[in-house]
Each structure stands twice: as C-alpha cells, then as structure tokens.
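Report on the structure
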Amino acid sequence: MMEKGLSAQSKVTVDGGNVAATMGSGDLQVFATPAMVALMENAAMKAVADHLPEGSTTVGAEMNVTHIKPSGVGAEIVASAVLTEVEGRKLTFNVGARDAEGMIGEGVHVRYVVDREKFMSKVR
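Residues numbered from 1 in each chain as written. Predicted model: local features only at pLDDT ≥ 70, side-chain atom pairs only at ≥ 80, totals over all residues. Heavy atoms only, no water.

**A few points about the sheet that holds strand β4 (residues 90-99)**
- The strand order across the open sheet built from 5 strands is β1-β3-β4-β5-β2, with neighbouring strands paired in antiparallel fashion. Sheet topology places β1 (7-13) and β2 (56-67) at the edges, where each strand pairs with a single neighbour. This sheet shows a mean twist of 25 degrees between the axes of neighbouring strands, independent of strand direction.
- Of the strand pairs in this sheet, β2 and strand β5 (residues 102-115) are connected by 11 bridges, and their pairing is antiparallel. Each residue of the ladder has a partner; that of S56, found in β5, is D115. (Pairing = 2+ DSSP bridges. Helix = DSSP H or I, 4+ residues; strand = E, 2+ residues; numbered from the N terminus. Axes fitted to C-alpha atoms, helices over the stretch in contact; angles between N-to-C directions.)

Here's what the structure looks like:
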C-alpha cells in the first residue's frame, strides 16, 4: 500500500538546453515552463519509485501548474513532489519548484501506476 506523504526532489541548473528560446516555448533565455514541468514530473516519479510493485512504473497523466517567476541561466532549480492522494492506480501530487530567490512555480500532478510490459505493448 502506497502511503501519502512520500516525497522527492529533483534539481537542474538552467542552461542553454532548457531555456524557453531553445525549447520553443518562448523566445527568451529563461528557464522554460516545459522544463519546469518535466522536473516536477521527475520528482513525482522518484517519490514513489521504490514503493511500486515489481514490473510497474508510473506515467504522467495530468499537470495543472503555474509558472510565476523567471529564472535565468546559471540558476539552480529544485522541484519537489509530495504524494497527497492515492486512489487505486491514480496518484496525486502537490508539486513545486524554486530557485535561490524562492518559489517559481507550483501545482498539482496526477500519475498512474502501470505495468511496464502491458503499457509498452500498446505502443509497439
């Protein structure tokens, strides 16, 4: 049984590869919203990874997030995820991201527990 409160963090430094201008989500040299979302998803994935049944993983299904402050090249971004709800295979997380100055984004993320082989058989 997966317990509420499981959490993890993921970190990245803003560089040429994850700025809005490179990712196509904008044209400025600031941390891209899709990169922030991916970092939040990574934290959520890590939070529950060690608590899954053998042969299972989680997949992202929904993300409702606000990106409230820009971060420039060189900034270290830390995303965190906390498991807040477990409904069968559906896992709901509170997610947030911050840089040295404080909160840059926050939201709610939903992932589902899936069997790796069954899931991949749908895309082969």
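That was the structure; now back to the text.
**Some points on the pattern of salt bridges**
- Enumeration according to the criterion identifies 2 salt bridges in this entry.
- In this structure, R111 and E41 form a salt bridge, with 3.1 Å as the shortest nitrogen-oxygen distance. With R111 in strand β5 and E41 in helix α2 (residues 33-49), this pair connects stretches of sequence that are 70 residues apart.
- By relative accessible area, R111 is classed as buried at 5%.
- Residue K69 pairs with D99 through a salt bridge whose shortest N-O separation is 2.9 Å. A residue pair is termed long-range when its members are at least 10 positions apart, and K69 in the loop between β2 and β3 (76-87) and D99 in strand β4 qualify at 30 residues.
- By relative accessible area, which is 10% here, D99 ends up buried. (Salt bridge = Lys/Arg side-chain N within 4 Å of Asp/Glu carboxyl O. Buried < 20%, exposed > 50% of the residue type's maximum accessible area, 1.4 Å probe, protein only.)

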